[in-house]
Structure formats: structure tokens, C-alpha cells
Amino acid sequence: MLTADRVIAAALMVLSAYFMWHATALPIGWNGRTGGPGGGAFPFWLSAIMFVAAGGIIVRSLRVRGDDSGPFFDPETLRSVIVVVVALVVTVALIPWVGAYIALPLFLLWYLKIFGGHGWVLTGLLTVCTPVFLFFFFEVTLKILLPKGMTEPWFIPLYARFF
């Protein structure tokens, strides 16, 4: 498993470096004209945090002394990863038709309750609060419209209120 940790962490570091490089195409500092961060700020700094976290995983794996003769992935872990990847692909495929505010809660409901076996209180709270948070964070605060698919008419009263 240590080899898997190191390989995946190294891949995440490479991916993070690519994202940081790509984010610099937009300004990453404070934009005095708009009174907020530049368009590349969030992708750059989130990628930088991911880079540091992956580096921490590599450092931690190098400090561990142990036998690394086990399989790279055990079959149960590989099955879980494949099931979640398929669910994410289905979620992304649903977004153009039903919108992000329906597809993401459906994924959360499946992931938390069915796949994860969590209780209804946690599942309900996260399934309802996540799209509300996303709406206010992206659409109201950052003015970035997320895809709504066939649910677009439901948002007209909200647009009238917040824009």
C-alpha cells in the first residue's frame, strides 16, 4: 500500500502543478478593477493546497517502516473505486439534462446513504445544504452560473431576487 500511496500522491502533485500553471493564464492576485480575486486565484490556490497535501502524503509514506509486499490495490478497494467512478460519470452525464442542483444531490444521496451507509439525518442535511451553499457561493457571490438543465425556470424567482 505504501507504493500505491506514493504513486497516487506523485500523480496528484503533477496534476496540481499542471493546474497551477494553467491557472496563471488568468490573474491570481487581487483584481482592483473588480474588487475581488482574479479569475485564476481559486484554481491556483486550491491546486497549491492539493500539491502540499500530496507532498505530505509522500513524506508520511517515506517515514513509515513496514512491509510493502501487499497488492497495489486489494480487490475490495478497487471495486469501491470503480463503483464511485461510475457514479461520478453518471452524475456528470446527468448535469446537462437535470442540472447541477439535481445531479449533485442525487450523487450525495447515493454516496452517503447507499454506498456509505450513513444515517438519514446526515444524508438529508448534506443533500439539501450542499446545493444551497453552491448556489450562494457560485451564483450569488462569484456570479458564476452553474448548469441547470430543465430546472432553469425554477431559478427565475431567485435571479430576480439576487441579481
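See above for the structure.
Residues numbered from 1 in each chain as written. Predicted model: local features only at pLDDT ≥ 70, side-chain atom pairs only at ≥ 80, totals over all residues. Heavy atoms only, no water.

Trainee: I tried to follow the overall build of the chain on my own but got confused; where do I start?
Mentor: Per the secondary structure count, the chain includes six helices and two strands. When its helices and strands are written in sequence order, the chain yields α-β-β-α-α-α-α-α. In terms of overall size, the chain is more extended than a compact globule, its C-alpha atoms giving a radius of gyration of 20 Å where 163 residues would be expected to give roughly 15 Å. In terms of overall dimensions, the chain has a C-alpha envelope of 60 × 45 × 25 Å along the principal axes. (Helix = DSSP H or I, 4+ residues; strand = E, 2+ residues; numbered from the N terminus. Rg over C-alpha atoms; globule rule 2.2 N^0.38 Å.)

Trainee: Would you explain the nonpolar core in this entry?
Mentor: Soluble globular proteins tend to bury their nonpolar side chains together. One finds A100, Y101, L134, F135, V140, L146, F155 and Y159 forming the largest nonpolar core, which totals eight residues. Contributions of two or more residues to this core are made by α4 (100-115) and α5 (120-141). Element by element, the count of residues in this core is highest for α5, at three residues. Among all residues touching A100, those that are not within four sequence positions of it are I95, P105, L146 and P147. (Core = buried A, V, L, I, M, F, W, Y, C linked by side-chain atoms within 4.5 Å. Buried < 20%, exposed > 50% of the residue type's maximum accessible area, 1.4 Å probe, protein only. Contact = heavy atoms within 4.5 Å.)

Trainee: Where do I start with the packing of α4 against α5 in this structure?
Mentor: How two helices sit against one another is set out by the angle between their axes and by the gap between those axes. In the contact formed by α4 and α5, the axes pass within 9 Å of each other and the chain directions differ by 150°. The angle between α4 and α5 places the two elements in the roughly antiparallel class. α4 and α5 meet at a crossing whose hand is right-handed. Judged by residue contacts, Y101, L104, P105, L108, L109, L112 and K113 of α4 engage W120, T123, L126, T127, T130, P131, L134, F135 and E139 from α5. Split into classes, the residues belonging to the contact of α4 with α5 amount to 11 nonpolar, three polar and two charged. (Axes fitted to C-alpha atoms, helices over the stretch in contact; angles between N-to-C directions. Parallel < 35°, antiparallel > 145°, perpendicular 65-115°, else oblique. Left-handed = near helix turned anticlockwise from the far one by under 90°. Nonpolar A, V, L, I, M, F, W, Y, C, P; charged D, E, K, R; others polar.)

Trainee: Where do I start with the layout of surface pockets in this structure?
Mentor: Rolled over the atoms, a probe as big as a water molecule pinpoints where empty space is left. Of the voids in this model, the largest pocket is the one considered here, and its volume is about 200 Å³. Lining of the largest pocket is provided by P37, G38, G39, F42, F137, F138, T141, L142 and I144. Take the lining of the largest pocket: its biggest share by element is three residues, from α5. The residue makeup of the lining of the largest pocket, split by class, is six nonpolar, three polar and no charged. (1 Å grid on protein atoms, 1.4 Å probe; cavity = no way out; pocket = protein on both sides within 12 Å on 5 of 7 lines; lining within 4 Å. Points joined across faces, edges and corners; volume = space filled by probe spheres on them.)

Trainee: Mind showing me how you'd approach the pattern of salt bridges here?
Mentor: Pairing between side chains of opposite charge can happen when the charged atoms of each approach one another. Taken as a whole and judged by the stated rule, the model has two salt bridges. In this structure, R79 and E76 form a salt bridge, with 4.0 Å as the shortest nitrogen-oxygen distance. With R79 and E76 both in helix α3 (residues 75-98), this residue pair falls three residues apart, about one helical turn. Of the residues examined, R79 reaches a relative accessible area of 45% and is grouped as partly exposed. Among the ionic pairs, K148 bridges to E139, the shortest N-O distance being 2.7 Å. Assigned by exposure class, K148 and E139 land together as buried. (Salt bridge = Lys/Arg side-chain N within 4 Å of Asp/Glu carboxyl O.)

Trainee: So what exactly am I meant to see when it comes to helix α1 (residues 2-23) here?
Mentor: In an α-helix there are 3.6 residues to a turn, and that puts residues three or four apart on one side. Compared with the 32 Å implied by 1.5 Å per residue over 22 residues, the 31 Å span of α1 between its first and last C-alpha is a close match. When we look at burial in α1, the residues that qualify are L2, A4, A9, M13, S16, M20 and A23. An end-on view of α1 places all buried positions within 160° of arc, on one side of the element. Across from the buried face of α1, at angles greater than 90 degrees, the exposed residues are V14 and W21. (Expected span 1.5 Å × (residues − 1). Arc of directions from axis to C-beta.)

Trainee: Is there a simple way to explain unusual backbone geometry in this structure?
Mentor: Most of the time, phi is negative for any residue but glycine, and the peptide bond is trans. Phi is positive for K143, which is not a glycine, with a value near 60°. Summarising the element assignment, K143 is placed in the loop between α5 and α6 (156-162).

Trainee: How should the packing of α3 against α4 be read in this particular structure?
Mentor: Closest axis-to-axis distance for the α3/α4 pair is 7 Å, and the angle between their directions is 155°. The angle between α3 and α4 places the two elements in the roughly antiparallel class. Between α3 and α4 the crossing geometry is right-handed. Two secondary-structure elements touch here, α3 through S80, V83, V84, A87, L88, T91, L94, I95 and V98 and α4 through A100, I102, A103, L104, F107, W110, Y111 and F115. In terms of residue class, the contact of α3 with α4 is made up of 15 nonpolar, two polar and no charged.

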